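An overview of the molecular structure
One-letter residues, chain by chain:
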Amino acid sequence: MYTVTGIRKLKGTFYQVTIDHQEKIKVSEDLLVRFRLLKGSELTEEQMADVKEQASYDYGLQEALNYISYQLRTEKETRTYLQKKEIPLEDRHKIVARLKELDVLNDRTYAMSYVRTQIRLSDKGPSNLYQQLRKKGVQEDLIDEALELYTPELQAEIAARTAAKGVKKIRGKSYRETLQKLRMNLTKKGFNQDIIQQAVDQLEYEMDETQEWEILQKEGQKLLQRDRSKDNGKKKMKIKQKLYQKGFTADLIQQFIDKEELNEE
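The rules behind the values
- Residues numbered from 1 in each chain as written.
- Predicted model: local features only at pLDDT ≥ 70, side-chain atom pairs only at ≥ 80, totals over all residues.
- Heavy atoms only, no water.
- Salt bridge = Lys/Arg side-chain N within 4 Å of Asp/Glu carboxyl O.
- Helix = DSSP H or I, 4+ residues; strand = E, 2+ residues; numbered from the N terminus.
- Buried < 20%, exposed > 50% of the residue type's maximum accessible area, 1.4 Å probe, protein only.
- Core = buried A, V, L, I, M, F, W, Y, C linked by side-chain atoms within 4.5 Å.
- Contact = heavy atoms within 4.5 Å.

**Here we look at the pattern of salt bridges**
For the structure on display, the rule yields 14 salt bridges. In this structure, Lys94 and Glu90 form a salt bridge, with 3.7 Å as the shortest nitrogen-oxygen distance. Remark: Glu90 and Lys94 occur in helix H4 (residues 89-101); sequence separation between them is four residues, near one turn of the helix. According to the relative accessible area criterion, Glu90 is exposed, its value standing at 53%. Ionic pairing is found between Lys222 and Glu219, a salt bridge with its closest N-O pair at 4.0 Å. Here Lys222 pairs with Glu219, and both are found in helix H11 (residues 209-226), just three residues apart, close to one helical turn.

**Things to note about the nonpolar core**
If you look at the biggest cluster of nonpolar residues, it comprises 30 residues, and the most contacted ones within it are Val115, Leu133, Val138, Tyr150, Leu186 and Phe191. Sorting the residues of this core by element identifies helix H5 (107-121), helix H6 (126-135), helix H7 (140-147), helix H8 (152-169), helix H9 (175-188) and helix H10 (193-202) as the ones contributing at least two each. Excluding residues that lie within four positions of it along the chain, Leu186 makes contacts with Ala159, Thr162, Ala163, Phe191, Ile196 and Ala199. Ranked by size, the runner-up nonpolar core spans 15 residues in total, among them Leu10, Phe14, Ile87 and Leu99.

Keep in mind these numbers describe shape, not what the thing actually does.
Here it is as structure tokens:
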């Protein structure tokens, strides 16, 4: 036989029950009443096993309900949370099943809500949203269904807005490199190439020849200072290659080379 030797109220609806002055079990108020767990009560081995089993489930269920009360969660996130709380695997299965039965855990609802929120608040493209939802354990068919909310029109609108903001942040780059960086940024955010092209086409951004020349001169001077080679021919080729990689036109690069008198005699 086992004897209840102590009962202490915890936060919320849980109590700590001490068995034989040693073992402590966290039980819900419902379980306390159901098994009539009072100080001095005696439990058979079978009753003790039932209490432990039900206590684990009750505690896990309450923890899960608290976890999902702050924001929507996926099934995978909830299972991981319960595992960290050391809830046994069998109880995790039962708890998730109960939460789905109550419809407070629904990956379809989560995916729909996630996509709507990201469309409203972020600058992420559909590919990025897809990857994030997969990481959260949402099934592909549910993700595809949710991403139908992210229409091509919305994608084009958000990509164009993101590109317009991005071009203002890029400083000291050639016209071509600026556009390249914008394309790379939009690709990383998860937009496809058709949407990216539409966004770039809508930009009110044209090459300013005076500014392009000033930027090239700054970049060229940096390269000149770094290159200590005495061979003008090699130095000229290196500078040409690096400036071309930075997006400057061949004509403008040659103009700089001529200005700095780097041509071979």
